[in-house]
Amino acid sequence: MQDVYAFIEQNREMYIRWLQQICQQPSVAAQNRGMKETAAMVEQFIHQIGGDSKLLETSGYPIVYGEFAGESEKVLSFYNHYDVQPEDPLDLWESPPFGAEIRDGRMYARGVADNKGNLMARLAAVHAYTQVRGKLPTRVKFIVEGEEEIGSVHLEEFVEKYRDQIQADGCIWEFGYKNADGRPQVSLGVKGMCYVELVCRGANTDLHSANAAIIENPAWRLLWALNTLKTPDEKIQIKGFYDKVATLNEHDASMLEQMIYNEESTLEKLGLK
């Protein structure tokens, strides 16, 4: 891969400009700001580096789909998103949130890490490889949505509507980070999430705390309910919760014991004791 790495180094300024360009384009899904423009920009990037690209419509923001030919019929899929969080609070920024200013070797912009940096790094890698080797070793797909920061509300609709396009032998998600030691992280899976809203109603008006002796505070009822879900040693108490959880085998346990994890650096980084 030294020839590919050399090409990347020779073209690093161009790749940095690519990242700056997309970071300078606002794409705040929660405010419908710059979304169409950013989707079109991503589609154009894929097209200009040799991929077949198009916008696939949903009831929300479009999903950018790209495909590159490869020597093998095996398919590797990349998932990314082009939307970003709102840039508030503005007073904490030292440079414009969408200025993509470079200071001391680092680029500062809303979305530069989550997730435009990951996306552009992957596009740059595909570009470099194809420029040097002529063709990728496997087919590659890009699926780039615009609603990740608001809960991917139309991703299920996309999956149902475009099942043929999403077929792949493997999928790499959006990550690409380093741990406290500066080691690249490889995540082999992620947890699911469950959102629950608990509602507890009490009196029909605010009450003075003097009434606490005779009228139960709904806040305590919520606390008691939450206490039934989890023990202090992190065990989930919901019946059946662990029924389908696989137990660690000897190989898994051995890998965990060998895994380098700098707990002290992580605590220091997060300001925890």
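Everything that follows concerns the structure shown earlier in this document.
These numbers were taken from a predicted model, which means no experiment stands behind them. (Residues numbered from 1 in each chain as written. Predicted model: local features only at pLDDT ≥ 70, side-chain atom pairs only at ≥ 80, totals over all residues. Heavy atoms only, no water.)

A few points about the side chain of Arg110
Along the chain, Arg110 turns up in the loop between β5 (106–108) and α4 (112–133). No salt bridge is formed by the buried Arg110; the nearest opposite charge belongs to Glu87, separated by 5.6 Å. There is a polar contact of 3.1 Å between the side chain of Arg110 and the backbone oxygen of Gln85. Here Pro86 takes part through its backbone oxygen, which lies 3.0 Å from a polar atom of the side chain of Arg110. (Helix = DSSP H or I, 4+ residues; strand = E, 2+ residues; numbered from the N terminus. Buried < 20%, exposed > 50% of the residue type's maximum accessible area, 1.4 Å probe, protein only. Lys, Arg positive; Asp, Glu negative; His and termini not counted. Salt bridge = Lys/Arg side-chain N within 4 Å of Asp/Glu carboxyl O. Polar contact = N/O pair within 3.5 Å; in protein donor to acceptor, adjacent residues only side chain to side chain.)

So, the packing of aromatic side chains
What describes a pair of aromatic rings is the distance from one ring centre to the other and the angle between the planes of the rings. Within the structure shown, the criterion is met by nine aromatic pairs. Judged by centre distance (5.3 Å) and plane angle (40 degrees), the rings of Phe158 and Tyr162 are tilted. Take Phe158: its relative accessible area is 2%, and that puts it in the buried class. Under the relative-accessibility criterion, Tyr162 is labelled buried at 13%. For the ring pair Phe241 and Tyr242, a centre distance of 5.2 Å and an interplane angle of 80 degrees mean the geometry is edge-to-face. A residue is classified by how much of its surface remains accessible, and Tyr242, at 39% relative accessible area, is partly exposed. Arg103 extends its terminal NZ or CZ atom over the ring of Tyr108, reaching a point 4.0 Å from the ring centre. (Phe/Tyr/Trp six-rings, centres within 6.5 Å; stacked < 30°, edge-to-face > 60°. Lys NZ or Arg CZ within 6 Å of the ring centre and 35° of its normal.)

Description of unusual backbone geometry
A cis amide bond links Asp88 to the next residue, Pro89, at an omega of -5 degrees. As for its position among the elements, Pro89 is in the loop between β3 (70–81) and β4 (101–103). Cis geometry marks the peptide bond from Asp114 to Asn115, where omega comes out at 20 degrees. With respect to the helices and strands, Asn115 occurs in helix α4. Residues other than glycine seldom take positive phi values, yet Asp104 does so here, at roughly 55 degrees. Looking at where Asp104 falls in the secondary structure, it is placed in the loop between β4 and β5. Of the residues examined, Asp104 reaches a relative accessible area of 81% and is grouped as exposed.

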